[in-house]
Amino acid sequence: MLSDTDKKEFIIVSKKMAKTLFEKIWQQHVVTNLEGDTSLLYIDRVFLHERTGSIALKSLSADGRKVVNSDQVFCTMDHIVDTFKGRNDTTLMPSGQDFIVATREACVEANIKLFDVNDPQQGIVHVISPELGIVQPGCTLVCPDSHTCSQGALGALAWGIGSSEAEHALATKTLRVTKPKTMKVEFVGELADVVSAKDMILHLIGEYGAAGGAGYVIEFCGPAIENLGIEARLTLCNMAVEFSAFSCLIAPDAKAIEYLQNRPYSPKGEQWERAVEYWKTLYSDSQATFDNVITIDCANIGPTITWGTSPEHTCSVNGVVPEVKLNDNGLEDQSYIRAMDYMQVTPNMRLSDLAIDAAFIGSCTNSRISDLRVAAKILKGRKVASGVKAICVPGSTLVKKQAEQEGIDKILIDAGFEWRESGCSMCFYAGGENFGYQKRVVTSTNRNFESRQGPETRSHLASPATVAASAIAGHLADPRDYL
Amino acid sequence: MDKFTQHLGVAAALLQANIDTDVIIPSREMKRVSKQGLGDGLFANRRYTLPGSREINPNFVLNKPEYANTSILLSGANFGCGSSREHAVWALKEYGIRAIIAEGFGSIFYNNCIRNGLLPLVLSEKEIAALTDFVWSDPQSNRIHIDLEKQQVTASPGQIFDFAIKPEQKEMLIHGLDAIALTMKLNAEISAFQQQYLKTYTWLN
């Protein structure tokens, strides 16, 4: 029998030994500890795209440095490529072609696998990396793209970096990383019908603020996370950066393992068995402690939409614009006033009273096959309201092909949507195609920033279901009315 | 990389939370595969009257004559959130910004600053309000002094604020270190690690 003191001691020791999922992956990758809480971490995979990858490769080469282990580096054309049928290197974005050509040349020179403009596996980096099995549980993956946190959905430690950091990873196979604090975000209860991962993440950011995750690596867990499919988890993790988190993770479970089986870059045969055996050890020990814990009851989450210019400016789709927030000094928060002015909304205005000019389904947040199926379910046999420009851009060429096999393209086209080739498209405005000056857009993307989708465009972030419902209604609308 | 030890400069306030990197430099201003030629695009949507134009908006703080030669920005929470585009940092530097004092930073932006010799410095809302009050009446005379060695920001002689910075980041800035060159000195250690690592995690090879 253990005495009470022994028991206490035992608990303390086991808590010390207990590790979070993040700590397990972190420790496995520490090459050496540097100053303070900074470590040199081994990087398993680097992904690049033509927008920021081109400059990293060019700069690296100019400094006379080489890409080491180029067979673990991948690149895609997603950011600047046009999404029209029959596209090639020329783009609506002025000088876009320069980025495409520079990237292709740099990839050839450095011997990097490139998913080029018309490659059957081309697509948005955070869609194709999981789809092709390039990201795997327990690996470290970096990309000069802030939404790399998406890939934490498969239990990888994946995070967005700048171009200089990308050069560092390419040249040394490592990064100097300051260890983030840990946060557990637990989703309990059940999601109501049509309420999705997008609504969950918008709800979280709305409740805790766009800087709520600053300094943390987040582990999403709880019964509602376990119930989500892998694609929904990718949506949820995609916006961890809009919560200002370093990144996020979800422990790989049977669903994750099943998802990865037989993907082109997944391990095969005996390697698969070894990998799975290891992946099964990737979870937070029950005694492990986090620096911060948030619990959210899914019963409180409905279809959520943004009214302002930060992802934290959220409200219910059938709700109203909130009052102006007061800061610590009791003064009106200037960012709220500016956001309301920019969006042309006022406190207590009903969101459903806002007429839209455009509807967009796409981006690394919501462009996977499950997203398109949800949209198709709502759009089937219905028409987009007159005057609304509606566009769907599948997240990858493979998603597009799958959707076409299922007849989703036909449903969307019949409803009045444009059906495009895969890419990031109008998630952001690079000087080419855009929604137009001061147009109001309901969008399945991740950023409602000023002028993000066009000159002074007004973006309302929402789930694909809400985008589809709003496209039909011609104003912001609750998808539950269109089931 | 430029060293940062001390700096005395004109400070301008953009007191708003969540100034994202799309605001700092809109994507359409990133026209070439280059780290140069970005200064003109800095805050383009606010600095100029219409998107895409170069007609000066006289109401934007950096366009006001009293804020000529601004080299320090004061801002709110979560500065530099959003897109990872390092162009935001390159544009700030090209414009002449040497330090940003904010309540907090987007983590990718923060690292991009360190890699380019731009000092991201965290103070509280109250401290930033005090600095803004100090600057406001005469920005050209009421300059702010930053001492990275001592980790102090000085406004008037009586107003000194301490700030925190991780030792690794401080070293990088003070000595203007090239992180890649520094890490390459550890190449033998990295190779040894990799060899061992790939024996265990064979499927990642």
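Residues numbered from 1 in each chain as written. Chains lettered and ligands numbered in written order. Predicted model: local features only at pLDDT ≥ 70, side-chain atom pairs only at ≥ 80, totals over all residues. Heavy atoms only, no water.

## Observations regarding the packing of helix 3 (residues 53-62) of chain A against helix 4 (residues 96-110) of chain A
Residue and element names in this part refer to chain A. The contact between helix 3 and helix 4 brings their axes to 9 Å, and the two run at 50 degrees. Classified by the angle their axes make, helix 3 and helix 4 are oblique. As for the relative orientation of helix 3 and helix 4, their crossing is left-handed in sense. Between helix 3 and helix 4, the contacting residues are Ser54, Leu57 and Ser61 on the first element and Phe99, Ala102, Thr103, Ala106, Cys107 and Glu109 on the second. Residue composition of the contact of helix 3 with helix 4, grouped by class: five nonpolar, three polar and one charged. (Axes fitted to C-alpha atoms, helices over the stretch in contact; angles between N-to-C directions. Helix = DSSP H or I, 4+ residues; strand = E, 2+ residues; numbered from the N terminus. Parallel < 35°, antiparallel > 145°, perpendicular 65-115°, else oblique. Left-handed = near helix turned anticlockwise from the far one by under 90°. Contact = heavy atoms within 4.5 Å. Nonpolar A, V, L, I, M, F, W, Y, C, P; charged D, E, K, R; others polar.)

## What about the UniProt feature "domain: Aconitase A/isopropylmalate dehydratase small subunit swivel" (unreviewed entry) in chain B?
Per the UniProt annotation, the sites labelled "domain: Aconitase A/isopropylmalate dehydratase small subunit swivel" (unreviewed entry) are residues 1-125 of chain B. Between the end C-alpha atoms of residues 1-125 of chain B the distance is 30 Å, and the span holds 22% helix and 18% strand. (UniProt positions renumbered as here; feature names shortened; annotations may be inferred.)

## Focus on the side chain of Arg420 of chain A
Residues and elements named next belong to chain A. Structurally, the position occupied by Arg420 is in the loop between strand 17 (417-419) and strand 18 (440-443). Under the relative-accessibility criterion, Arg420 is labelled buried at 4%. There is a polar contact of 2.8 Å between the side chain of Arg420 and the side chain of Thr83. With residues near it in sequence (within four places) discarded, Arg420 still touches Thr83, Phe84, Ile391, Cys392, Val393, Pro394, Lys400 and Glu433. (Buried < 20%, exposed > 50% of the residue type's maximum accessible area, 1.4 Å probe, protein only. Polar contact = N/O pair within 3.5 Å; in protein donor to acceptor, adjacent residues only side chain to side chain.)

## Quick notes on the pattern of salt bridges
Note that side chains of opposite charge can pair when their charged atoms are close. Residue and element names in this part refer to chain A. By the definition in use, this model includes 27 salt bridges over all chains. Ionic pairing is found between Arg104 and Asp89, a salt bridge with its closest N-O pair at 2.7 Å. Highlighted residues: Arg104 in helix 4 and Asp89 in the loop between strand 4 (73-76) and helix 4, separated in sequence by 15 residues. Overall, Arg104 belongs to the partly exposed group, its relative accessible area being 23%. According to the relative accessible area criterion, Asp89 is buried, its value standing at 19%. For the salt bridge of Glu404 with Lys400, the shortest nitrogen-to-oxygen distance reads 3.1 Å. With Glu404 and Lys400 both in helix 14 (residues 397-406) and four residues apart, this pair spans about one turn of that helix. The exposure class assigned to Lys400 is buried, which follows from its relative accessible area of 8%. Salt bridges here are not isolated pairs; linked through shared partners, they connect Lys389, Glu418, Arg420 and Glu433. (Salt bridge = Lys/Arg side-chain N within 4 Å of Asp/Glu carboxyl O.)

## Quick word on the environment of Ile112 of chain A
Residue and element names in this part refer to chain A. Inspection of the secondary structure assignment puts Ile112 in the loop between helix 4 and strand 5 (113-115). Along the backbone, Ile112 and Asn69 are 43 residues apart, and their C-alpha atoms lie at a distance of 9.4 Å. Not counting the four nearest positions on each side in its chain, Ile112 is found in contact with Leu48, Leu57, Val67, Ser70, Val73, Phe74, Cys75 and Cys107.

## Observations regarding helix 13 (residues 369-379) of chain A
Residues of helix 13 of chain A that are buried include every one of Ile369, Asp371, Leu372, Ala375, Ala376, Ile378 and Leu379 of chain A, and no others. After helix 13 of chain A finishes, the residue Gly381 of chain A shows a positive phi value of roughly 75 degrees.

## So, unusual backbone geometry
Among all residues except glycine, the phi angle is most often negative; among peptide bonds, the trans geometry is most common. A positive phi angle, near 60 degrees, is found at Asn111 of chain A, a position not held by glycine. Note on placement: Asn111 of chain A falls in the loop between helix 4 and strand 5. Backbone geometry places Gln151 of chain B, a non-glycine residue, at a positive phi of 55 degrees. Within the element layout of this structure, Gln151 of chain B appears in the loop between strand 5 (144-147) and strand 6 (152-154). Of the residues examined, Gln151 of chain B reaches a relative accessible area of 19% and is grouped as buried.

## What about the sheet that holds strand 10 (residues 216-221) of chain A?
All names here are of chain A. Pairing in this open sheet of four strands is parallel, and the strands run 11-10-9-12 from one edge to the other. Across the chains shown, the open sheet's two edge strands, defined by having one partner strand only, are strand 11 (247-249) and strand 12 (292-297). Each adjacent strand pair in this sheet contributes to an overall mean axis angle of 25 degrees, direction not counted. Along the sheet, helix 7 (residues 197-208) makes contact with strand 9 (181-188), strand 10 and strand 12, crossing strand 12 at roughly 120 degrees. (Pairing = 2+ DSSP bridges.)

## A closer look at the pairing of strand 4 of chain A
Residues and elements named next belong to chain A. Burial along strand 4 is two-sided: the face carrying Val73 and Cys75 and the face carrying Phe74 and Thr76 are both buried. Inspection of the sheet shows strand 3 (residues 45-49) paired to strand 4 by four bridges, in the parallel sense. In the sheet register, Phe47 faces strand 4, and the bridge partner there is Phe74. Regarding topology, helix 3 serves as the crossover connection from strand 3 to the parallel strand 4, and that connection is right-handed. Sheet analysis places strand 4 next to strand 5, joined by three bridges and oriented parallel. Following the sheet pairing, Phe74 is matched in strand 5 by Lys113. Note on the crossover from strand 4 through helix 4 to strand 5: the handedness is right-handed. (Right-handed = clockwise from strand over helix to strand, strands pointing away.)

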